[in-house]
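# Observations on chain architecture
Take a look at the letters that make up each chain.
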Amino acid sequence: QVQLVESGGGLVQAGGSLRLSCAASGRTFSSYTMGWFRQAPGKEREFVAAISRGGGLTTYTDSVKGRFTISRDNAKNTVYLQMNSLKPEDTAVYYCAARSRELSSRESLYDYWGQGTQVTVSS
């Protein structure tokens, strides 16, 4: 079992930056692949980025490549999402998620979810 708590969301102007954090409970954080997903109003939740257990592999959805960076600190049981050059279309509730197997962008394959943090980008 792992519990996830996101933080760092807020209101930012277009072109600005935010860094989201997701703190995990437990002593086995390094055994989990971690992902970030988001859900905009009226839309389905979608994949944003994921990082492998050791941090050596990452994957991103096309719309955030070159703007967002996922990273993790296994000593601090935390995964991050650095978001730069934010656009109004990035507005969403952002969720972190964990799975005990390899890297994946499929929402249904993640076992544990946080409660989400709101990111609002104004134009």
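Data block above holds the structure.
Reference entry: report on the structure contained in this document. Worth saying up front: this structure is predicted, and the values here are computed from it rather than measured.

### Comments concerning the side chain of R72
Tracing the backbone shows R72 in strand β7 (residues 68-73). Here R72 is buried and forms no salt bridge, its nearest opposite-charge partner D73 lying at an N-O distance of 8.3 Å. Of the polar contacts made by the side chain of R72, one reaches the backbone oxygen of S52; its length is 2.8 Å. Those residues within four positions of R72 in sequence are excluded, and the remaining contacts are F29, S30, Y32, T33, M34, I51, S52, R53, G55, T78, V79 and Y80.

### Side note on the sheet that holds strand β1 (residues 4-7)
Strands in a sheet are paired, the pairing made by backbone hydrogen bonds, and the direction either parallel or antiparallel. One open sheet accounts for four strands, arranged β1-β3-β8-β7; its pairing is antiparallel. The sheet is open, and its two borders are formed by β1 and β7, each paired with just one other strand. Geometrically, the sheet is characterised by an average inter-axis angle of 15 degrees between neighbouring strands, direction not taken into account.

### Topic: the nonpolar core
Ranked by size, the top nonpolar core spans 29 residues in total, and within it M34, W36, L81, M83 and Y94 carry the most contacts. Secondary-structure elements contributing two or more residues to this core are β3 (18-24), β4 (33-39), β5 (46-51), β7, β8 (78-83), β9 (92-99) and β11 (117-122). Non-local contacts of M34, meaning those with residues more than four positions away in its chain, are made with L4, C22, F29, A49, A50, I51, I70, R72, V79, A97, A98 and Y110. Counting residues in each nonpolar core, the second largest holds five residues, with F37, F47, A50 and Y110 among its members.

### Things to note about unusual backbone geometry
You will see that N77, though not glycine, has its phi angle at about 55 degrees, which is positive. With respect to the secondary-structure elements, N77 resides in the loop between β7 and β8. Relative accessible area serves as the criterion here: at 17%, N77 is assigned to the buried category. Residue S85 is not a glycine yet carries a positive backbone phi of 50 degrees. Mapped onto the secondary structure, S85 falls in the loop between β8 and β9. The partly exposed category is assigned to S85, whose relative accessible area is 39%.

Conventions we followed
Residues numbered from 1 in each chain as written. Predicted model: local features only at pLDDT ≥ 70, side-chain atom pairs only at ≥ 80, totals over all residues. Heavy atoms only, no water. Helix = DSSP H or I, 4+ residues; strand = E, 2+ residues; numbered from the N terminus. Buried < 20%, exposed > 50% of the residue type's maximum accessible area, 1.4 Å probe, protein only. Lys, Arg positive; Asp, Glu negative; His and termini not counted. Salt bridge = Lys/Arg side-chain N within 4 Å of Asp/Glu carboxyl O. Polar contact = N/O pair within 3.5 Å; in protein donor to acceptor, adjacent residues only side chain to side chain. Contact = heavy atoms within 4.5 Å. Pairing = 2+ DSSP bridges. Axes fitted to C-alpha atoms, helices over the stretch in contact; angles between N-to-C directions. Core = buried A, V, L, I, M, F, W, Y, C linked by side-chain atoms within 4.5 Å.

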